[in-house]
Amino acid sequence: MSRLSHKQKLYIIVGIAAVAVVLQYLLHLKLYAQILVTSVGAIIALSMFKEMVHTLRSGKYGVDLLAILAVVATLSVGEYWASMVILIMLTGGDTLEDYASHKANTELKALLDNSPQIAHKIMDDGDIDDVSVNDVKVGDKIVVKPGEIVPVDSFIIKGSGLFDESSLTGESKPVEKNLRDNVMSGSLNGDNSVTLQVSKLAKDSQYQQLVKLVKEAESTPAHFVRMADRYAVPFTLAAILISLAAWFFSGDPHRLAEVLVVASPCPLILAAPVAMVSGMSRASRNGIVVKTGDVLEKLATAKTGAFDKTGTITSGQLTVQDVVTTSMKVEELLQLAASAEQESSHILARSLVAYTDNQNIDLAPVSSLEEKTGKGIEATINHKNVKVGKLKFVAPNSEMKPLATTTIYVSVDDELCGYVTFTDHVRPEAKETMNTLKALGVKKLMMLTGDQEKIAQRVAKEVGIDEVKADLLPQDKITALQNIPKSGHPTFMVGDGVNDAPSLATVDVGIAMGAHGSTAASESADVVILKDDLSRVSKAVTISRDTIKVARQSVLLGIAICTALMLIASTGIIPAFIGAMFQEVVDTVSILWALKARYSHEQ
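Residues numbered from 1 in each chain as written. Predicted model: local features only at pLDDT ≥ 70, side-chain atom pairs only at ≥ 80, totals over all residues. Heavy atoms only, no water.

(A) Highlighting the packing of helix α9 (residues 253–262) against helix α22 (residues 576–594). Between α9 and α22, the shortest axis-to-axis distance is 7 Å and the interhelical angle comes to 15 degrees. Our classification of the angle between α9 and α22 gives roughly parallel. The two elements α9 and α22 meet at a crossing, and its hand is left-handed. Of the residues in α22, those in contact with E258, L260, V261 and V262 of α9 are A576, G579, A580 and Q583. Classifying every residue of the contact of α9 with α22 gives 5 nonpolar, 2 polar and 1 charged. (Axes fitted to C-alpha atoms, helices over the stretch in contact; angles between N-to-C directions. Helix = DSSP H or I, 4+ residues; strand = E, 2+ residues; numbered from the N terminus. Parallel < 35°, antiparallel > 145°, perpendicular 65-115°, else oblique. Left-handed = near helix turned anticlockwise from the far one by under 90°. Contact = heavy atoms within 4.5 Å. Nonpolar A, V, L, I, M, F, W, Y, C, P; charged D, E, K, R; others polar.)

What follows is the structure, given as structure tokens:
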């Protein structure tokens, strides 16, 4: 029966129970009814025992022992109808869990339902053919008609319009997109037909990455279930002791069965997973994709939070402040720098390319390009070796000192040609986010950035971060995170770029600002913030704390009710059949309480 769904098992057991009722009460064949129920009960108990052994071998405690003992005890004393009620209760509880999980997971599944499958590709002869999104290549031109979903990440080359990005960012207001604006896959086009040029393959596009995250979130079991299993050890011991004491003092073996049938393990089996999925659903509704229930538990007790600066603490709205050249015209410097940076998702690159576009400077063709993580970009443009990035990378032998502002430097054939400075804007919600995190119990907030010390200190002071480590390469960030003492764990790191991906994979919980962030960062992260809003980090911690609180409450509430029922049953007041029915009440109360994690005051 292990290959059957919980609903199918329930139907079979209810069907057998119906047959047994007919045999005993209509045909008056009590012995046959007892044999039928006892045989089926024994088979299912044996099947449950095998599953329990498998669970123990996998390193978990398992909470099925009480159910097995209850079935065996009731069958042993002839209370076969009570054992049938227990079996119906167990399969009914599993079916209810499936329903509750499906109900709690509605928001997550919405992404999968809207996954783009085809693209209208403009062929070489000008015709438009429908092709699979997986066959679309970078540089292809596609048409997105009114009311259609953008199939892959692209940018507009003809037309303009409003795009609904609510399934990606949680922002309900449509966003206006014009020429050369990037459009994310999964966005819903408005009333105008637009022509796009593909910038990423389907597998690397924003929407497909979110679908991948959702699938991971659905398929990975929650670690908190193992915490619930640990509750099972003292609870199981208590149930066995109470049942044996009731038998010993009364001399009646029926008391043993009567106590065990009300010792329902289902609050432990069902309540915690339902609460976890509910919490993940609530997070999704707030524009936060949480990959596993384990993440919620860690975030709920996080002691240290680390943040990248550029694009994370800052708003992502950098503007070019000054362009200085030493050996060429300003327009030429901007063309070379922007051409090298045009494929980068880093905030400086986006700001530079946008500024160059506003200056009506055409980008030059790039024959080769390589991103040096944490350093900059090296490209071949018009047969020249162009480097854009940090001063030490661009011109290691230069006597120039780095400026005390956000700057990218440009060299051609290893000769420093100039630099571009930027004005950095701190996110308006950053300070409030830090204050909220401190109020939630995150004791230490730190900034880890590759930017200069003076700039980092100024930003940290403005938002309320106490510890700053600047001028860091990706490996330096990892070292800083690894040096956090045990008392500072669990830890989380918030970042958005390629250079943040290793750090996000190092900490207990990696959080990626995914609205404009890189695919690498999102893949390395445990949590992806879909909306470009730093306050969602503190919201994720709040949801995690609420979810764990509800999960524990639902488990402990079920245990408390079961314990009270066991003590009452030990006196002989509750018959085994009635006690078995009480289990369903306990299960229902626990699961309904766990579903509280799905609902909150947020819309």
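(B) Broad picture of the nonpolar core. If you look at the biggest cluster of nonpolar residues, it comprises 52 residues, and the most contacted ones within it are V71, M84, I86, V259, V262 and M566. At 8 residues, the largest contribution of residues to this core is made by helix α21 (residues 535–569). Ranked by size, the runner-up nonpolar core spans 40 residues in total, among them M280, L437, L440 and V463. (Core = buried A, V, L, I, M, F, W, Y, C linked by side-chain atoms within 4.5 Å. Buried < 20%, exposed > 50% of the residue type's maximum accessible area, 1.4 Å probe, protein only.)

(C) Region of the structure containing the packing of aromatic side chains. Taken as a whole, this structure holds 4 aromatic pairs when the rule is applied. Ring geometry for F248 against F249: centres 5.2 Å apart, planes inclined by 80 degrees, an arrangement best described as edge-to-face. In this pair, the class of F248 matches that of F249, namely exposed. Looking at K387, its charged tip hangs above the ring of F393, at a distance of 5.4 Å from the centre. Here the basic side chain of K596 rests over the ring of W593, its NZ or CZ set 4.0 Å away from the ring centre. (Phe/Tyr/Trp six-rings, centres within 6.5 Å; stacked < 30°, edge-to-face > 60°. Lys NZ or Arg CZ within 6 Å of the ring centre and 35° of its normal.)

(D) Region of the structure containing the sheet that holds strand β14 (residues 376–381). Strand order in this open sheet of 6 strands is β12-β17-β16-β15-β14-β13, and the pairing throughout is antiparallel. In this open sheet, the two edge strands, each paired with only one partner strand, are β12 (319–325) and β13 (366–372). Taken pair by pair, the neighbouring strands of this sheet meet at an average axis angle of 20 degrees, ignoring direction. Sheet topology places β12 next to strand β17 (residues 415–423); 6 bridges connect them, and they run antiparallel. The residue bridging D322 from the neighbouring strand is T421, located in β17. On top of the sheet, helix α14 (residues 347–358) reaches β12, β16 (406–412) and β17; it is set at about 95 degrees to β17, its chief contact. (Pairing = 2+ DSSP bridges.)

(E) Broad picture of the pairing of strand β2 (residues 128–132). Two elements, strand β1 (residues 118–122) and β2, share 5 bridges in a ladder whose sense is antiparallel. The residue bridging A119 from the neighbouring strand is V131, located in β2. The antiparallel hairpin formed by β1 and β2 contains 5 residues in its connecting segment, where G126 sits at a positive phi of about 95 degrees.

(F) Expanded view of the sheet that holds strand β6 (residues 175–177). Read across the open sheet, the 3 strands follow the order β6-β5-β8; overall the sheet is antiparallel. A single partner strand is all that each edge strand has here, and the edge strands are β6 and β8 (188–189). Relative to β8, strand β5 (residues 161–164) is paired through 2 bridges, and the arrangement is antiparallel. Across the sheet, the residue bridging to F163 is N189, located in β8.

(G) Quick peek at the packing of helix α13 (residues 330–341) against α14. For the pair α13 and α14, the least separation of the axes is 9 Å and the interaxial angle reads 130 degrees. Between α13 and α14, the interaxial angle falls into the category oblique. Crossing handedness for the pair α13 and α14: left-handed. For the pair formed by α13 and α14, the contact residues are L334, A337, A338 and E341 on the first element and A349, L352, V353, Y355 and T356 on the second. Its residues assigned to classes, the contact of α13 with α14 comprises 7 nonpolar, 1 polar and 1 charged.

(H) Geometry of the pattern of salt bridges. Inspection of the entire model under this criterion finds 13 salt bridges. Among the salt bridges present, the one from D294 reaches K298, with a minimum N-O distance of 3.3 Å. Of this pair, D294 and K298 both sit in helix α11 (residues 293–300), 4 residues apart, which is roughly one turn of that helix. Of the charged contacts in the structure, one is a salt bridge between D414 and K387, with a shortest N-O distance of 3.5 Å. Highlighted residues: D414 in the loop between β16 and β17 and K387 in strand β15 (residues 384–389), separated in sequence by 27 residues. On the basis of relative accessibility, which here comes to 53%, the residue D414 falls in the exposed class. Classification of K387 by relative accessible area gives buried; the value is 14%. In the salt-bridge network here, residues are joined through shared partners; they are R427, E429 and D532. (Salt bridge = Lys/Arg side-chain N within 4 Å of Asp/Glu carboxyl O.)

(I) Examining unusual backbone geometry more closely. Here the amide bond leading from H489 into P490 is cis, since omega sits at 0 degrees, within 30 degrees of zero. With respect to the helices, strands and loops of the structure, P490 is situated in the loop between α18 (474–482) and β20 (491–495). Of note in the backbone geometry, H28 takes a positive phi value of approximately 55 degrees without being a glycine. Relative to the helices and strands, H28 resides in the loop between α1 (6–26) and α2 (30–57). For N382, which is not a glycine, the phi torsion comes out positive at approximately 50 degrees. Position of N382 relative to the elements: it lies in the loop between β14 and β15.

Bear in mind that shape data such as this cannot, by itself, settle questions of function.
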